[in-house]
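# Geometric and topological summary
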Amino acid sequence: ARQLKKDGARIKKGSGLLLIEGHGKDILKMERPILDILSRMSGIAALTDSLIKKIKNKVPIASTRKIEWRYLDKKAVYIGGGLTHRLALWESILVKDTHLDAIKKEGVKDPVGISLERAWKKRKKGIFIEIEVTNKKMAVRAAEKFKELQEKADKTPCFIMLDNVKPKEIKGIINELKRKNLYHNILLEASGGINPSNIIEYAKSNVDVLSLGCLTHSVKALDIKQKILK
């Protein structure tokens with residue numbers, strides 16, 4: 001096989017992407033899986049690239065969904081200019097709403113603070129620690145705890161994911177974090193419901209990264225076909 005276009009290259013209708021030589025029977029056996037993979041990955045890369053251009057590269061975008069196409073999808077996003085976020089649970093620590101709910105059932109009055117204390121003890125096992133919050137009160141508490149933990153030990157990267165929080169609310173959260181001197185020790189990620197129609201609003205909210213499930217869970221595959229030359 002010979003690659004006719006490099007990853008990330010611009011293509012036009014009728015462009016050749018890959019030249020495969022061999023027995024016709026063997027080539028036909030591989031036709032469908034090759035086309036499925038190329039079509040899907042090209043669609044993801046194209047969508048990622050178009051969204052980055054739409055927001056004029058004001059803020060990085062990342063993919064979050066980790067389905068059966070995990071690493072191929074992540075590579076496609078990367079080729080399109082996006083970030084891969086976490087590759088899997090083993091790469092970083094993420095405290096989700098379900099974890100906080102479980103801690104609340106223990107009778108804990110400060111689930112955000114306690115969950116981060118527990119996660120901090122395992123920080124060496126991941127690249128960063130992130131917690132999912134849904135409102136200003138939770139975001140401020142998370143930032144307070146992250147600052148406290150960082151002052152006691154190292155500077156492990158700390159993310160706060162603002163889940164399903166609207167752009168206007170995000171700006172209010174950022175203003176509050178700045179007012180309390182909590183803004184510079186954390187990174188903010190906006191996630192949940194971000195799509196091509198509202199991404200510009202989110203890009204203007206001043207978060208550090210936007211994560212989009214739509215990059216991979218509902219992507220339109222490119223129309224790629226195989227043609228027999230001889």
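Preceding block: the structure.
Rules and cut-offs
Residues numbered from 1 in each chain as written. Predicted model: local features only at pLDDT ≥ 70, side-chain atom pairs only at ≥ 80, totals over all residues. Heavy atoms only, no water. Helix = DSSP H or I, 4+ residues; strand = E, 2+ residues; numbered from the N terminus. Buried < 20%, exposed > 50% of the residue type's maximum accessible area, 1.4 Å probe, protein only. Phe/Tyr/Trp six-rings, centres within 6.5 Å; stacked < 30°, edge-to-face > 60°. Lys NZ or Arg CZ within 6 Å of the ring centre and 35° of its normal. Polar contact = N/O pair within 3.5 Å; in protein donor to acceptor, adjacent residues only side chain to side chain. Pairing = 2+ DSSP bridges. Right-handed = clockwise from strand over helix to strand, strands pointing away.

### Notes on unusual backbone geometry
Even without being a glycine, N57 presents a positive backbone phi close to 55 degrees. Note on placement: N57 falls in the loop between α1 (24–54) and β3 (61–63). The phi angle at N206 is positive, at roughly 75 degrees, despite the residue not being glycine. Positionally, N206 belongs in the loop between α7 (199–203) and β8 (209–212). The partly exposed category is assigned to N206, whose relative accessible area is 48%.

### Brief notes about the packing of aromatic side chains
Applying the stated criterion across every chain yields a total of 1 aromatic pair. Ring geometry for F128 and F159: centres 5.0 Å apart, planes at 50 degrees, overall tilted. One end of the pair, F128, is in the loop between α4 (111–121) and β5 (129–133); the other, F159, is in strand β6 (residues 158–163), with 31 residues separating them in the sequence. Using a relative accessible area of 16% as the deciding quantity, one classes F159 as buried. The ring of Y183 has K178 sitting right over it, with the charged end atom 4.9 Å from the ring centre.

### Things to note about the side chain of R40
Within the fold, R40 resides in helix α1. A polar contact of 2.9 Å, which involves the side chain of R40, links it to the side chain of D73. At 2.8 Å, the side chain of R40 forms a polar contact with the backbone oxygen of T216.

### As for the pairing of β5
Here β5 lies mainly inside the structure; 5 of its 5 residues are buried. Side chains I129, I131 and V133 of β5 all project onto a buried face; the interleaved residues E130 and E132 project onto the opposite face, where all are buried too. Bridge analysis of strand β4 (residues 93–95) against β5 gives 3 bridges, and the strand direction is parallel. Within β5, the residue paired with V95 across the bridge is I131. For the crossover from β5 across helix α5 (residues 136–152) to β6, the handedness is right-handed.

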